[in-house]
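Okay, here's what each chain looks like letter by letter:
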Amino acid sequence: MKLIIVSNRVSYDEKPQSGGLAAAIQDTFKSINGMWIGWSGEISEEVQRKNGKYENIEYKVFSLNEKEYQDYYLNFSNEVLWPVCHLRPSYLRLIENSYATYQKVNQQFAQEVAANAKDQDLVWVHDYHLLLTGYFLRQTGHGGALAYFHHIPIPPLDLIRTIPHHCEIFSGLTSYDLVGVQTKNDLKNLFEYFNHYKQPGVVIQTQGEDAFYVEQDGQSTHFSYYPISIDTKKIEEMSKISIEEKEIHHLKESLGHRQLLIGVDRLDYSKGLENKFHAFDTFLKNYAAQHQPVLLQIANKSRSDLNSYQDLCSGLEALASSINGDHGNPSYTPIRYVNTVYDHASLTGLYRAARVGLVTPTKDGMNLVAKEFVASQNPEDPGVLILSEFAGAASELNEALLINPFHTQSVAQSIAQALEMPQWERVQRHRSMLKKLRAHTIQTWHERFIADLMEHCHPRRWRRTGS
Ligand code: F6P
């Protein structure tokens, strides 16, 4: 029996991949041997394949052609599913026929899996790019254990309904034996959706507050929530070493007596970067006499072929420079805004060097930066986490200073509170959060998910299309 992971992004070399998904999955593979199937990140008219081994992971990746990249990845995944799941239907932009390419690429992924999977293997599909992969895999006749994990939020019913073809897409989830989402709230939204569109003959049954199942034609799918986490021990150890890096010493020297606030995000409108800058601006206006901290904002560029992302990028550059113009002087630049990609170890050193972690998404599935910031702190003199209540991580890390990123004035106040917080309080808050992160890690997340998959999978008899 082997574990086959299927996702759009795959880590198959030293290059850091964008987003938390690839790093998290890479960590789950440490204890097991398995195969990782997905997109190579390359675009080519002829399919180019790469097979190999990276660390203990066997990978099989393939290229997409230009049309697939445009319609499946950029359009349907990132201009339809992404904005709606992040409660931004105003960003929804449907290119006619992009759904057909989304289906086709999902079918392609399913065929790649079918060529590599035996019925005794566990197949685990990840994220919104591949909602239909399970459905197409069953069409190939695959009857083995099959699971899906949704890394991003599940929006309320009325928003799901704005997704063209949502009935087909969401009913496709019943091809899986197990479907996992990040939070209880995501599960509640999914439950309401299934109840609303319940067909005659379908049974939907809750199992306490933490799960429900959908049964149809004698086959059932179990739905539950599994908040994703981090390799806490690794991050704790890594940050102790990385804080000694030359680059971090230079950074500290350049700060002098000033305190450091840090933000690390993918450059995405869901991350609330503009809200963060406005709040920092308000903070500087109201509290600059006591504090002159520096905000280091690392924003990795992503999906740059989309207009909405290009606009965000130029808007943020303009905002950062206008704030620096208003509050800076020849020896003080309030915002250091960089698009450089840092390796994982260096990031943990930067987190440890910061007095405040500023995580302000307007909506986020989980947000692993918040968790890594906490795990990277020196427990004797920790920094303070300011965390949006709209990040999945907020339901676990409730000793952070929880904020509403739309309420600029109160975020500014929280920044002041964080900078003035006495050491005993920082230690206390940090201790409780670290305890949770040590108990609930990426390893326990993975073990619980696989245990549930083993419990809820049962051989399925599937007819191939047309037979
Ligand atoms: O973790 C959420 C996620 O959307 C992943 O599914 C995705 O791979 C990552 O963020 C980064 O996005 P992209 O692959 O579009 O750069």
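Here's what I pulled together on the structure shown here. The structure displayed is predicted, hence computed values, not measured ones. (Residues numbered from 1 in each chain as written. Predicted model: local features only at pLDDT ≥ 70, side-chain atom pairs only at ≥ 80, totals over all residues. Heavy atoms only, no water.)

**Brief notes about the sheet that holds strand S9 (residues 211-216)**
For step 1, the next point in the chain: With mixed pairing, the 10 strands of this open sheet are ordered in space as S3-S4-S2-S1-S5-S6-S7-S10-S9-S8. Only two strands of the sheet have a single neighbouring strand rather than two, namely strand S3 (49-54) and strand S8 (203-206). Going from strand to strand, the sheet's axes swing by 20° on average, the running direction of each strand aside.
For step 2, the next point in the chain: As defined by bridge partners, strand S6 (residues 145-149) adjoins strand S7 (residues 178-181) across 3 bridges and the pair is classed as parallel. If you follow Ala 147 over to S7, its bridge partner there is Leu 178. (Pairing = 2+ DSSP bridges. Helix = DSSP H or I, 4+ residues; strand = E, 2+ residues; numbered from the N terminus. Axes fitted to C-alpha atoms, helices over the stretch in contact; angles between N-to-C directions.)

**Describing the pattern of salt bridges**
Two side chains that carry opposite charge are able to pair once their charged atoms sit near each other.
For step 1, the next point in the chain: Within this structure, the stated rule accounts for 20 salt bridges.
For step 2, the next point in the chain: A salt bridge links Arg 49 to Glu 112, with the nearest nitrogen and oxygen atoms 2.6 Å apart. In this pair, Arg 49 is assigned in strand S3 and Glu 112 in helix H3 (residues 98-116), connecting sequence segments 63 residues apart.
For step 3, the next point in the chain: Note that Glu 396 and Lys 371 form a salt bridge whose closest N and O atoms lie 2.8 Å from each other. Residue Glu 396 is found in the loop between strand S15 (384-388) and strand S16 (401-403), and its partner Lys 371 is found in helix H13 (residues 368-375); the two are separated by 25 residues along the sequence.
For step 4, the next point in the chain: Since its relative accessible area comes to 15%, Glu 396 is described here as buried.
For step 5, the next point in the chain: Through salt bridges with shared partners, one network takes in Arg 266, Asp 268 and Arg 303. (Salt bridge = Lys/Arg side-chain N within 4 Å of Asp/Glu carboxyl O. Buried < 20%, exposed > 50% of the residue type's maximum accessible area, 1.4 Å probe, protein only.)

**Overview of the packing of helix H10 (residues 273-287) against helix H11 (residues 307-327)**
For step 1, the next point in the chain: The interhelical angle for the contact between H10 and H11, taken along N-to-C directions, is 5°, at an axis separation of 10 Å. Between H10 and H11, the angle falls in the class roughly parallel. Contacts from Leu 273, Glu 274, Phe 277, His 278, Asp 281, Leu 284 and Lys 285 in H10 reach Leu 312, Leu 316, Leu 319, Ala 320, Ile 323 and His 327 in H11.
For step 2, the next point in the chain: Residue classes in the contact of H10 with H11 are distributed as 8 nonpolar, 2 polar and 3 charged. (Parallel < 35°, antiparallel > 145°, perpendicular 65-115°, else oblique. Contact = heavy atoms within 4.5 Å. Nonpolar A, V, L, I, M, F, W, Y, C, P; charged D, E, K, R; others polar.)

**Looking at the packing of aromatic side chains**
For step 1, the next point in the chain: One pass over the structure, following the stated rule, counts 32 aromatic pairs.
For step 2, the next point in the chain: Taken together, a centroid distance of 4.2 Å and an interplanar angle of 5° make the contact between Trp 124 and Phe 449 stacked. Placement of Trp 124 in strand S5 (residues 122-126) and of Phe 449 in helix H16 (residues 442-456) is noted, with a sequence separation of 325 residues between them.
For step 3, the next point in the chain: A relative accessible area of 0% means that Trp 124 is categorised as buried.
For step 4, the next point in the chain: Given the relative accessible area of 0%, Phe 449 is considered buried.
For step 5, the next point in the chain: Residue placement shows Arg 303 over the ring face of Trp 82; its charged tip is 4.1 Å from the ring centre. (Phe/Tyr/Trp six-rings, centres within 6.5 Å; stacked < 30°, edge-to-face > 60°. Lys NZ or Arg CZ within 6 Å of the ring centre and 35° of its normal.)

**Quick word on helix H7 (residues 184-196)**
For step 1, the next point in the chain: Compared with the 18 Å implied by 1.5 Å per residue over 13 residues, the 18 Å span of H7 between its first and last C-alpha is a close match.
For step 2, the next point in the chain: Where the residues of H7 are buried, they touch helix H5 (157-160), helix H6 (166-171), S7, S8, S9 and strand S10 (219-225). (Expected span 1.5 Å × (residues − 1).)

**Some thoughts on the sheet that holds strand S12 (residues 294-300)**
For step 1, the next point in the chain: Strand order in the open sheet formed by 6 strands is S13-S12-S11-S14-S15-S16, and the pairing between neighbours is parallel. Each end of this open sheet is capped by a strand with a single partner; those strands are strand S13 (335-338) and S16. With direction set aside, neighbouring strand axes in the sheet form an average angle of 20°.
For step 2, the next point in the chain: Pairing between strand S14 (residues 356-359) and S15: 4 bridges, direction parallel. Bridging from a neighbouring strand, Leu 358 pairs with Ile 386 of S15.

The values reported here are purely geometric and, on their own, carry no functional implication.
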